[in-house]
Amino acid sequence: MTAKEKFIQLEDDKYYISADSTYADDRVQVLNHCDTFGIMDRWGDITPLGKEVQGLYHKDTRFISKIELRVNDHRPTLLSSNIKEENEILSIDLTNPELEVRPGEIIHHGTMHIRRSQFIREHQFYDEIVLENFTDKTHLLNLSLKFEGDFKHIFEVRGIERKHRGKVLGYEHPENNTLYISYKGLDNIIRKSEIRFSMPYDDICDSSGKLTFRLQLQPKQPIKLQYSILFREGSQEDKATSYSTAKKLINPELESIKNLFPTIETFNEHFTHWINRSKADLVSLLADTPQGKYPYAGVPWYNTAFGRDGIITALETLWVAPEISRDVLKFLATNQATENDPASDAEPGKILHETRGGEMVNLNEVPFRKYYGTIDATPLFVLLAGTYYQRTQDKELIKELWPNIKAAVEWINNYGDFDKDGFVEYQHKAANGLTNQGWKDSHDSVSYKTGKLAEPPIALCEVQGYVYAAKKYAANLAELMNEPQLAEKWGREATNLKTLFNEKFWDEENGIYYLALDGNKKPCRVKSSNAGHLLFTGITDSEKAEKLVKSLMGSDMFSGWGIRTLSSQEKQYNPMSYHNGSVWPHDVALIAWGMANNGFREEAAMLMTGLFDASLFIPLQRLPELFCGFEKRKGEAPTAYPVACSPQAWSVAAVYLLLQAILQIDISPEKKEVSFNKPFLPPYLKFIKIKRLPLGNQYTDLEIIRHDSNDMVGVNWKNAPEGWRLLVIK
């Protein structure tokens, strides 16, 4: 989540992130690359304001807590501050305030231009400062940079108090173009920031980390200062890379990753920009792992691998970028639990919730080195494996993952349904674990009609849908792997679950499924967005699906921007809450996908339009993790949730799933067929052009056109692979 936030340690929810701070997005800029991210102010400085969350972070540790640029001990005046379109560089324009450099010599305001260009690459931060004198005289200036490092763990920054911590070892400067700031943690690991400059500094203050460069600025003769900060942990021996060398590598690397996605252009330039922004954000969140690229959940506070988030992001992008799904499956299979460990909520076959590093994790002060407290990642893993195979026919990967898939299904049966009532439920075992373990994992997200919080163990409605779909796909994969007995068993279990679920969870009066059943099988009879996820799993009876869609599109659920997480009629409803009335883009996209799959394409298009309209008001057209659930007001932006992550992987990926929903595109390598089942385009999308859509090892280009005369949609393609056919069902 974005910042200035307080981590409230409630007895029943130690990891809830409070929105009680007033952190303003327009006061900061965020850069990220893999395990490293930075939160700077718009000057490019790092300042200890408010909750003091600005900083340069690497592997869950804040290595740098202050950077302060001054000219003659004055802060420059801000002209502009922008993240470039591909997220690669923060570009800042500054100028000088009125300066008296010596008695009688004045440099007037706005006569010196200071340009900063910052980026992060391969656990290094880079900054280039270019000064240019627009007067007709030569001036002597002192440019100073001040650095501090507190080496706080990210959970410490977020508010968890520690009784003891390690020691900041202070500053070292073995050469006059380097500076080291070091810290020895209680885990006996030394963490170090290695700062290297392109020119020697003239003075240094050992007590404050302030370095001064004396510069002679001739008229119209720019002077350039570059520096990099390499973040070292333990015995890491990586060598620092210069600013110039690193910058040359950015664009080739970006182009390589961008090629994972096709190019999509539409009739509406704002919609096209939304897609392009989403692609750039996803590229910035794809981290390198030994198993390939993994979409980290979100910047800044979730800049790590989360199982559920990675799977849903992969599902959202599967039709356009199947390689992401492949790498997600491989990473999660590698990190699948193999033994019982109550301290991390791990059980054999269970899929990872999140993984963390840093001092507090090493000391077990928080349980997240590898934490498995999620009820839904395991069935979603199987579901992703099944849909990935449908999209790619990659039998080799399924063969490789088959033991993991079987272990996941066995976890569902042996551990997920621990009271053997036919439903999968959760109750955390880890002392410091999450209380609620569905995607709505805040402490107050599951309640009864009265508003009272539900008693565990809790069986969430959408989890039963995920399990149903997982077993259906697992049965198909068992046939592929020549295990017909498993296929028959899992298929039968799926059928039985569907019957039991529709009997026990359906609320006829409200036309929706219960949010959950508690430990006593008492229903949580509230209207929530969770039920909308059931539509894409196939567990809903056909006659109930229509009632469910109608219920979700009611004014108490549909805000105009998207589906609220909780109906405005419920006791716990609060449009400013995290999970009890807010709007989450990924949630809306999954519901839209399910609606369209059940024939409700116009309703799906309404949800897409709501999020598109919201994006037009949001900086960079970057949909955040969530926003408040207030009713849409004409001419006004959606109300921001103050500590929402941005970018957040499953939010920015939502646009791809929304397009899949309205187009009803299905790519079947088995049939060598690209089909569109009654595709729908709203009037503001007269055409969509898709270039380099992957079909196996080949690509095709598609053009989808809306015919205004009859609202029909036609599809053309070119560069069609040999033997493939295009099918449009009208």
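Worth saying up front: this structure is predicted, and the values here are computed from it rather than measured. (Residues numbered from 1 in each chain as written. Predicted model: local features only at pLDDT ≥ 70, side-chain atom pairs only at ≥ 80, totals over all residues. Heavy atoms only, no water.)

## Points about the side chain of T47
Assignment of secondary structure puts T47 in the loop between β4 (36–41) and β5 (55–58). Residues contacting T47, with those up to four places away along its chain left out, are D41, Q54 and R75. (Helix = DSSP H or I, 4+ residues; strand = E, 2+ residues; numbered from the N terminus. Contact = heavy atoms within 4.5 Å.)

## Considerations on the packing of aromatic side chains
In this structure the tally under the stated criterion is 40 aromatic pairs. With centroids separated by 5.5 Å and ring planes inclined at 5°, the aromatic side chains of F151 and Y183 adopt a geometry described as stacked. Separated by 32 residues along the polypeptide, F151 in the loop between β14 (139–148) and β15 (152–153) and Y183 in strand β17 (residues 178–184) bring together distant segments of the chain. The pair formed by F151 and Y183 is uniform in burial state, with each residue classed as buried. Between the aromatic rings of W274 and F612, the centroid separation amounts to 5.8 Å while the plane-to-plane angle is 20°, which identifies the pairing as stacked. With a gap of 338 residues between them, W274 in helix α3 (residues 269–285) and F612 in helix α14 (residues 601–617) connect regions that are remote in the sequence. Residue W274 is classed as buried on the basis of its relative accessible area of 1%. Looking at F612, the relative accessible area reads 4%, which means it is buried. Within the aromatic cluster, the residues linked to one another by ring pairs are F125, F147, F197, Y201, F213 and Y227. One Lys or Arg, K429, reaches over the ring of F418 and ends 5.9 Å from the middle of that ring. (Phe/Tyr/Trp six-rings, centres within 6.5 Å; stacked < 30°, edge-to-face > 60°. Buried < 20%, exposed > 50% of the residue type's maximum accessible area, 1.4 Å probe, protein only. Lys NZ or Arg CZ within 6 Å of the ring centre and 35° of its normal.)

## Concerning the environment of N502
Within the element layout of this structure, N502 appears in helix α10 (residues 484–504). Counting along the chain gives 39 residues from N502 to D541, while the straight-line C-alpha distance between them is 7.1 Å. In this view, N502 contacts Y513, I539, T540, D541 and K544; residues no more than four positions away in its chain are not counted. A distance of 2.5 Å separates polar atoms of two side chains, one belonging to N502 and the other to Y513. (Polar contact = N/O pair within 3.5 Å; in protein donor to acceptor, adjacent residues only side chain to side chain.)

Any functional reading would require information beyond the geometric quantities listed.
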